[in-house]
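Per-entry structural report
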Amino acid sequence: MNYDVIIVGAGLSGSTAARVLAEKGKKVLVVEKHRHVAGHCHDYRNEYGITVHTYGPHIFHTNDAAAWKFASRFTDFHFFQHRVLSYADGQLIPFPINADTINQVFGISIGVDEVEGFLASQVAHSSFNSPPKNFRDAVVSQIGKRLYSTFFEEYTRKQWGRDPELLSPEVAKRIPVRTNRDGRYFSDHYQGIPARGYTAMIDSMLDHPNISLMLGTDWFDIREDLDAKTTIFTGELDRFFDYKFGKLEYRSLDLVLKTLDQESYQNVAVVNYPNDYDWTRITEYKKFLDEKSPWTTVCFEYPKQEGEPFYVVMTDDNMAKRDKYMQEVEKLEASGSWLFIGRLAEYKYYNMDQVISATLQKVARL
Ligand code: UDP
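What counts, and at which threshold
- Residues numbered from 1 in each chain as written.
- Predicted model: local features only at pLDDT ≥ 70, side-chain atom pairs only at ≥ 80, totals over all residues.
- Heavy atoms only, no water.
- Disulfide = S-S within 2.5 Å.
- Buried < 20%, exposed > 50% of the residue type's maximum accessible area, 1.4 Å probe, protein only.
- Near = heavy atom within 4 Å.
- Polar contact = N/O pair within 3.5 Å; in protein donor to acceptor, adjacent residues only side chain to side chain.
- Nonpolar A, V, L, I, M, F, W, Y, C, P; charged D, E, K, R; others polar.
- Pairing = 2+ DSSP bridges.
- Helix = DSSP H or I, 4+ residues; strand = E, 2+ residues; numbered from the N terminus.
- Axes fitted to C-alpha atoms, helices over the stretch in contact; angles between N-to-C directions.
- Parallel < 35°, antiparallel > 145°, perpendicular 65-115°, else oblique.
- Left-handed = near helix turned anticlockwise from the far one by under 90°.
- Contact = heavy atoms within 4.5 Å.
- Core = buried A, V, L, I, M, F, W, Y, C linked by side-chain atoms within 4.5 Å.

1. Regarding the state of the cysteines
- Summed over all chains, the structure comprises 0 disulfides.
- Residue C41 stays outside any disulfide, its sulfur separated by 15 Å from that of C299, the closest cysteine.
- Overall, C299 belongs to the buried group, its relative accessible area being 1%.

Okay, here's the thing in structure tokens:
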């Protein structure tokens, strides 16, 4: 069988690309190493009737109407506004930082109009590099040393296994600081969880007569036997180039599931543990889709260095290597025969909506 396009990986980026190209009349073959589609947003319903995210919690949120519209073609979204509590100083405190967080931490009761001044005085008593050189500088320059130590310093050390000073200030941009009382994790216009799960959403994306799917097959093992005008690669960037500029680090997680004979475990879907215990956060999955069950399944996340590659690690060293690899990518893409998309292939800390937006744009160029 002849294909117009080979896509390496059936995650969100590969599946989005496959669908768009299939609808343009291209014959597409998707080759996936795992025995399931949906990449790291894979989920499944367990025997207790609870939808578990196999590789850790995924919440869809975006301000990009095009990404929302595209995803919404393949699923209904269950309305969900993500709220996180952080367990610090022996209390559960709303996170990210907003007026209520500050009042609870400092035992005060300032109004929203006083938050900016309060944070400015915290920052004035702290030292940091300006402009920020690293994650610590980026956070301390916004909220001061005390709140940084309470919520960020140790969480970041656990999550990334290194000093926060070694990480890019970019990582801090993921977490907002609010002067109002908005207690949501994200303030994006569109937010939700696919009503029948992410796997069902991806199944529906790939369900097209022009798309063939090969699961449980490592493309690197069969690439010589394949022939197509275009290949879209969504796997690990360094592996593609046989590590010629050195290995890129990817951070992984041990995800430990427990099902408990109780209806509820915690008040919100996710509780962060910056300072205590070895895990970074606990997710109670039934809360995402408001699933009813006398049982509850919770997931403890223990960050680790080796294993399934979940996160890019934004240190100077990794980003310098990334730049070298991406120069090679640019050359390949200029030939018109290759496209590199997604978190692993672009070595970029993308969210799901950004994966869809970037894929839609890149594929349109083909
Ligand atoms: N972070 C933190 N404390 C928290 C939550 C996040 O210090 O309670 C920092 C940490 O470095 C983390 C980064 O912010 O890796 C991004 O957090 P996010 O919740 O976006 O991480 P993800 O959901 O991608 O694991």
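The rest of the description comes next.
2. Remarks on the site of the ligand
- In the vicinity of the ligand there are 16 residues, among which T156, R174, Y185, Y311 and Y349 approach most closely.
- Within the side chain of Y185, an N or O atom sits 2.5 Å from an oxygen atom of the ligand.
- Between an oxygen atom of the ligand and a side-chain N or O atom of Y349, the distance comes to 2.6 Å.
- Of the residues assigned to the shell around the ligand, the class counts are 11 nonpolar, 3 polar and 2 charged.

3. Description of the sheet that holds strand β5 (residues 60–62)
- Spatially, β5-β9-β6 is the arrangement adopted by the 3 strands of the open sheet, whose pairing is antiparallel. Edge positions in the sheet fall to β5 and β6 (77–79), since each has one partner strand and no second. Strand after strand, the sheet turns through a mean of 40° between neighbouring axes, direction not considered.
- With 3 bridges connecting them, β6 and strand β9 (residues 190–194) associate as antiparallel partners.

4. Focus: the pairing of strand β15 (residues 296–304)
- For β15, the buried fraction is high: 7 of the 9 residues fall into the buried class.
- Note that strand β14 (residues 281–284) and β15 share 3 bridges and pair antiparallel. Paired with T283 across the bridge in β15 is C299.

5. What to know about the packing of helix α3 (residues 99–106) against helix α4 (residues 112–124)
- Taken N-terminus to C-terminus, the directions of α3 and α4 make an angle of 60°; their axes are 10 Å apart at the nearest point. For the element pair α3 / α4, the angle class is oblique. Between α3 and α4 the crossing geometry is left-handed. Here A99, I102 and F106 of α3 lie close against α4, whose contacting residues are V112, V115, F118, L119 and Q122.
- Of the residues belonging to the contact of α3 with α4, the class tally is 7 nonpolar, 1 polar and no charged.

6. A closer look at the side chain of S15
- Note on placement: S15 falls in helix α1 (residues 12–23).
- When sequence neighbours within four positions are dropped, the list of residues in contact with S15 reads G9, A10, I202, M205 and L206.

7. Concerning the nonpolar core
- Core analysis: the largest hydrophobic core is formed by 104 residues, its most contacted members being L12, F151, F152, L237 and F340.
- The element best represented in this core is α1, accounting for 6 residues.
- Look past the residues within four positions of F340 in its chain and what remains in contact with it is F233, L237, F240, F241, V329, L332, E333, A345, E346 and K362.
- In terms of nonpolar packing, the next biggest core, distinct from the first, is built from 8 residues, Y273, I282, V298 and F300 among them.

8. Structural notes on α3
- Among all positions of α3, only A99, T101, I102, N103 and V105 are buried.
- Those residues of α3 that are buried lie in contact with β8 (91–95), α4 and α6 (145–151).
- Two to three positions downstream of the cap, the backbone nitrogen of D100 sits 2.6 Å from a side-chain oxygen, assigning the N-cap of α3 to N98.
- Of the residues one or two after α3, G107 is the one with positive phi, at around 65°.

9. What about the packing of α1 against helix α8 (residues 198–206)?
- Between α1 and α8, whose axes approach to 8 Å, the crossing angle comes to 30°. Compared by their axis directions, α1 and α8 come out roughly parallel. Two packed elements cross with a definite hand, and for α1 against α8 that hand is left-handed. Here α1 contributes L12, S15, T16, A18 and R19 to the contact with α8, which in turn contributes M201, I202, S204, M205 and L206.
- Tallied by class, the residues present in the contact of α1 with α8 amount to 6 nonpolar, 3 polar and 1 charged.

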